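Listed below, chain by chain, are the residues.
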Amino acid sequence: MIACCVAIVLALVFQVQGADEGCTAASGHCQDDSIHCSGSYQSGLCSGAANRRCCIPTGSGGSGGCSNVNIVTRSQWGAKAATAHTAMPVPAPEFFIHHTETPPCSDRAGCIARVQSIQSYHMGHNGWSDIGYSFLVGEDGNVYEGRGWGYVGAHTEQYNSKGFAASMIGSFDSHVPNDKALTAVKNLIACGVQLGKIAGSYRLYGHRDAGQTSCPGTALYNLIQTWPHYSHAHP
Ligand SMILES: [Zn+2]
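Note that the structure is a prediction, hence the values are computed from the model and not measured.

The rules we used
Residues numbered from 1 in each chain as written. Predicted model: local features only at pLDDT ≥ 70, side-chain atom pairs only at ≥ 80, totals over all residues. Heavy atoms only, no water. Helix = DSSP H or I, 4+ residues; strand = E, 2+ residues; numbered from the N terminus. Contact = heavy atoms within 4.5 Å. pLDDT = per-residue confidence, 0-100. 1 Å grid on protein atoms, 1.4 Å probe; cavity = no way out; pocket = protein on both sides within 12 Å on 5 of 7 lines; lining within 4 Å. Points joined across faces, edges and corners; volume = space filled by probe spheres on them. Nonpolar A, V, L, I, M, F, W, Y, C, P; charged D, E, K, R; others polar. Buried < 20%, exposed > 50% of the residue type's maximum accessible area, 1.4 Å probe, protein only. Disulfide = S-S within 2.5 Å. Expected span 1.5 Å × (residues − 1). Arc of directions from axis to C-beta. Pairing = 2+ DSSP bridges.

What follows is about the environment of I169. Tracing the chain through its elements places I169 in the loop between β8 (163-168) and α5 (179-194). Once the C-alpha coordinates of I169 and E101 are considered, the two residues, 68 residues apart in sequence, prove to be 7.2 Å apart. Apart from residues lying up to four places away in sequence, I169 is in contact with T100, T102, P103, P104, C105, R114, V115, L136, V137 and G138.

Okay, structure coming up:
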């Protein structure tokens, strides 16, 4: 009898924890919001009653909640101005992982050159209004701002206004990005959730889940299937 009830309680605990992933991803924890939080409460990331909210400690996020993500802004990498903008509806329910299918880069100067050339290709050759991706991630551990959190991208046909996209700089068919790049993209997603740009219940996809492409490379595609929120073939 006791063993039985312990099992039920444990099952409930694990169920609740599973539903709190959005809060965990934002480096927070779920608790009754009458308890003091040395940071700020965010709604929509915790299961259970409405007053059970996500306490995100100051410092885990810092300015805007993303202090562990080093974003190289458009002005910092010398982006050309976009020729048009469409505001992105947020919070976005989906997130897509791509690779650039270019040589990789492992320092800031090399990554900046790479990002500039991708923007030139997307605007010049493809005729797009701007670089297609929301963000690009280098093996230097930096995140390079593409269209950013504000605007709809051009990365995953039919789904651009449903999800942001990060493109890992390099070609990842036979090997995965290094740990710096993988940590950076995971932190970027957590940052997006914390900022309310990505829904706490977001669905993670590889580009090939939503179209006829080998992107983001087989090795990287296999890896992201082990990540939280991975959602398999797009409906
Ligand atoms: Zn892609």
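Having seen it, we continue.
Before going further, it helps to examine the confidence of the model for the chain. Overall, the prediction assigns the chain a mean pLDDT of 87, with 84% of residues at 70 or greater. Contacts for the low-pLDDT stretch residues 5-17, under 50 throughout, to residues beyond four places or in other chains number two contacts. Within the model, the stretch residues 60-64 combines pLDDT values under 50 with eight contacts to residues more than four positions away or in other chains.

Regions of empty space are outlined by a rolling probe, equal in size to a water molecule, passed over the atoms. A volume near 290 Å³ is recorded for the largest pocket. Residue lining of the largest pocket: 18 residues in total, with H99, T100, E101, H122 and Y133 positioned closest to the centre. With four residues, the single largest contributor to the lining of the largest pocket is helix α4 (residues 108-125). A breakdown of the residues in the lining of the largest pocket according to their chemical character gives six nonpolar, 11 polar and one charged.

With respect to the element layout, I71 can be found in strand β4 (residues 71-72). Note on I71: relative accessible area 26%, which makes it partly exposed. Sequence separation between I71 and V137 is 66 residues, and the spatial gap between their C-alpha atoms is 9.3 Å. Leave out the neighbours within four places in its chain, and I71 touches Q76, F135, V143, E145 and L188.

A word on the state of the cysteines. This structure, assessed with the given rule, holds three disulfides. The residue that forms a disulfide with C105 is C111, at a sulfur-sulfur distance of 2.1 Å. Here the S-S torsion is close to 100 degrees, and the disulfide linking C105 with C111 is therefore right-handed. Owing to a relative accessible area of 6%, C105 belongs among the buried residues under this scheme.

A few words on α4. Three- or four-residue spacings in an α-helix give side chains the same orientation, since the helix completes a turn every 3.6 residues. Taking 1.5 Å per residue, 18 residues should reach 26 Å; α4 reaches 25 Å between its end C-alpha atoms and fits that length. Taken together, the buried positions of α4 are occupied by C111, I112, V115, I118, Q119, H122 and M123. With its buried residues spanning 125 degrees around the axis, α4 presents them on a single face. Residues A109, G124 and H125 are exposed on α4 and point more than 90 degrees away from its buried face. Where α4 is buried, its residues touch α3 (74-77), β6 (135-137) and β7 (143-145). Immediately downstream of α4, the backbone of G127 shows phi near 75 degrees, a positive value.

Turning next to unusual backbone geometry. Cis geometry is adopted by the peptide bond preceding P91, which originates at V90 and carries an omega value of 0 degrees. Following the sequence through the fold, P91 ends up in the loop between α3 and β5 (92-99). A cis amide bond links C215 with the next residue in sequence, P216, at an omega value of 10 degrees. If you trace the backbone, P216 turns up in the loop between β9 (198-206) and α6 (218-224). With phi around 55 degrees, E101 is a residue other than glycine that occupies positive phi space. Along the chain, E101 falls in the loop between β5 and α4. A positive phi angle, close to 80 degrees, is found at Q158, a residue other than glycine. Counting through the fold element by element, Q158 comes out in the loop between β7 and β8. The exposed category is assigned to Q158, whose relative accessible area is 68%.

Here we come to the pairing of β9. Counting buried residues along β9, seven of its nine residues qualify, which places the element largely inside the surrounding structure. Here β5 pairs with β9 via five bridges, running parallel. Each residue of the ladder has a partner; that of A92, found in β9, is I198.

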